[in-house]
Amino acid sequence: MTREEKKAKLLKYKTRKQRFIRITTQFFVWLGVAVIYYIGFSVFFDTPVEYELKHSTDMMRKEYDRLSARYDSLSLVLDNVIERDRNVFNILFESTPYELDSEFESERLALHERLLARSSRQLRRQLDSKVAEMQKKMAVLEESHEQLHREIEKCGKGLNNIPSIQPVINSQLTLLTAGYGTLMHPFYRTLQSHQGVDYTVPEGSSVFATADGIVKEVSGRNSTFGQNIVIDHGNGYLTQYCHLSASKVRKGQRVRRGDIIALSGNSGLSLSPHLHYEVRYEGMRVDPIHYFFMELTPDEYRRIIKISQSGMQSFD
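The structure presented is a predicted model; accordingly, all values stated were derived computationally and were not measured.

Thresholds, definitions, all that
- Residues numbered from 1 in each chain as written.
- Predicted model: local features only at pLDDT ≥ 70, side-chain atom pairs only at ≥ 80, totals over all residues.
- Heavy atoms only, no water.
- Helix = DSSP H or I, 4+ residues; strand = E, 2+ residues; numbered from the N terminus.
- Buried < 20%, exposed > 50% of the residue type's maximum accessible area, 1.4 Å probe, protein only.
- Contact = heavy atoms within 4.5 Å.
- Polar contact = N/O pair within 3.5 Å; in protein donor to acceptor, adjacent residues only side chain to side chain.
- Expected span 1.5 Å × (residues − 1).
- Arc of directions from axis to C-beta.
- Patch = residues over 30% accessible without salt bridge, like charges linked within 9 Å, V, L, I, M, F, W, Y side chains within 5 Å.
- Areas by Shrake-Rupley, 256 points an atom, 1.4 Å probe, with all protein chains shown as cover.
- Salt bridge = Lys/Arg side-chain N within 4 Å of Asp/Glu carboxyl O.
- Pairing = 2+ DSSP bridges.
- Core = buried A, V, L, I, M, F, W, Y, C linked by side-chain atoms within 4.5 Å.

### Some remarks on the environment of L123
Working step 1: Relative to the helices and strands, L123 is located in helix α4 (residues 120-155).
Working step 2: By relative accessible area, which is 32% here, L123 ends up partly exposed.
Working step 3: When residues no more than four places from it in sequence are discounted, the contact partners of L123 are L115 and R118.

Given below as structure tokens:
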């Protein structure tokens, strides 16, 4: 190969190399421009999907702000209602309302913290222990239930003579305002024994016999209890219905459970219209709360117990 041919071949090789370098350089330059353009476009402009997501997020944020404002407004209204209720309670009873739920709040939180601190194995052992304990209690309860059935069979028709319903219609359990025990007297402003329960009912409300029996007394308005009725149920039980406005029965009349025997009122030494109801067994006044078993479920019974314990002042 001659010198000229070698020079031509070398020149051709250099030309190809320069072209390759130029093309490669242009490629990377355009690639860099494309990347810069994409980044700039992404910064200043949104894709349709991004726009939709941002718009949805803005709507959710606005809805959250609206709900937060609504919640704050309702909380303020609720706080005002609670405060007004406390003020009314203070004015009427001259005492602070008893908060039932707050009593157990700290205990629930402490129990929750203890459970979180325990391992799964400890929780399982505790659960097994609780189940075993519950099974033992169930066995005792079943035996008690069988014994109760045997006692019921012995009683026969005498069950109808045991007070077992409320003397007024109180399906929502909201009318009971004072329970059995030591309460503040509304007139003497001293603690005195309150040996019955008070129902705040409008004057003229129906009063029902709580068991079968015979009307023993129908007293007039000249007593502390005002116009009142005493029913003898013939098995050691007596029930008394006080502060009535009208009587629907007479002395010696036989009545059945659920019969309307009177209308409630505000007679006698009474703070406001209500019914005072008592149950006596063998001459002793007992808590009437435990004699509503015929119409209360276990949950309702527990609820009415809490209601009766929350009252701090009687109405008579």
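### Looking at the environment of S308
Working step 1: Relative to the assigned elements, S308 resides in helix α5 (residues 298-310).
Working step 2: Once the C-alpha coordinates of S308 and V197 are considered, the two residues, 111 residues apart in sequence, prove to be 8.0 Å apart.
Working step 3: Beyond its immediate stretch of four places on either side in the chain, S308 contacts L176, G179 and I289.
Working step 4: Only 2.7 Å separates the side chain of S308 from the backbone oxygen of I305, close enough to count as a polar contact.

### Re α5
Helical periodicity: at 3.6 residues per turn, an α-helix aligns residues three or four positions apart in one direction.
Working step 1: In this model α5 runs 19 Å from its N-terminal to its C-terminal C-alpha over 13 residues, within 8% of the 18 Å that 1.5 Å per residue would give.
Working step 2: Listing the buried residues of α5 in full gives I304, I305, I307 and S308. Buried residues of α5 fall within an arc of 165 degrees about the axis and therefore sit on the same side. In α5, the exposed positions that point more than 90 degrees away from the buried face belong to P298, D299, R302 and Q309.
Working step 3: Residues of α5 that are buried sit in contact with β1 (176-178).

### Considerations on a nonpolar patch on the surface
Working step 1: A contiguous nonpolar surface patch, about 650 Å² in accessible area, is contributed by F27, F28, L31, V35, Y38 and I39.
Working step 2: The topology assignment puts F28 in helix α1 (residues 3-44).

### Considering the pairing of strand β10 (residues 260-264)
Working step 1: Of the pairings in the sheet, the one linking strand β5 (residues 206-208) to β10 comprises 3 bridges and is antiparallel in character. Bridge pairing in β10 places F208 opposite I260.
Working step 2: With 3 bridges connecting them, strand β8 (residues 237-247) and β10 associate as antiparallel partners. Note that in β10 the partner of S247 across the bridge is A262.

### Quick notes on the nonpolar core
Burial of nonpolar side chains together is a common tendency in soluble globular proteins.
Working step 1: Counting residues in each nonpolar core, the largest one holds 29 residues, and the members touching the most others are Y199, I229, Y241, I261 and L275.
Working step 2: If you list the elements that add at least two residues to this core, you get β4 (197-199), β7 (227-232), β8, β10, β11 (275-281) and α5.
Working step 3: With residues up to four places along the chain from it excluded, the contact list for L275 reads P167, V168, V197, D198, Y199, V201, V207, Y241, C242 and L244.

### A closer look at the pattern of salt bridges
Working step 1: The final tally for this structure, using the stated rule, is 5 salt bridges.
Working step 2: One salt bridge connects R66 with E63, and the closest N-O pair in it is separated by 2.6 Å. Linking R66 with E63, this pair stays in helix α2 (residues 48-93), spanning 3 residues, or about one helical turn.
Working step 3: Residue R66 is classed as partly exposed on the basis of its relative accessible area of 48%.
Working step 4: The closest approach of N and O atoms between R285 and E278, which form a salt bridge, is 2.7 Å.
Working step 5: Residue R285 is classed as partly exposed on the basis of its relative accessible area, which comes to 30%.
Working step 6: A single network of salt bridges, built from pairs that share partners, joins E278, R280 and R285.

### A closer look at the side chain of S245
Working step 1: On the secondary structure map, S245 appears in strand β8.
Working step 2: Separated by 2.8 Å, the side chain of S245 and the backbone oxygen of S264 make a polar contact.
Working step 3: In contact with S245, not counting residues within four places along its chain, are E203, G204, R221, Q227, L263, S264 and G265.

### Concerning the pairing of strand β6 (residues 213-219)
Working step 1: Relative to strand β9 (residues 254-255), β6 is paired through 2 bridges, and the arrangement is antiparallel. Bridge pairing in β9 links G213 to V255.
Working step 2: Inspection of the sheet shows β6 paired to β7 by 5 bridges, in the antiparallel sense. Directly across from V215, in β7, lies its bridge partner I231.

### Re unusual backbone geometry
Working step 1: The phi dihedral of L173 falls on the positive side, at around 60 degrees, and the residue is not glycine.
Working step 2: As for its placement among the helices and strands, L173 is situated in the loop between α4 and β1.
Working step 3: Backbone geometry places E282, a non-glycine residue, at a positive phi of 50 degrees.
Working step 4: Tracing the chain through its elements places E282 in the loop between β11 and β12 (284-286).
Working step 5: Using a relative accessible area of 56% as the deciding quantity, one classes E282 as exposed.

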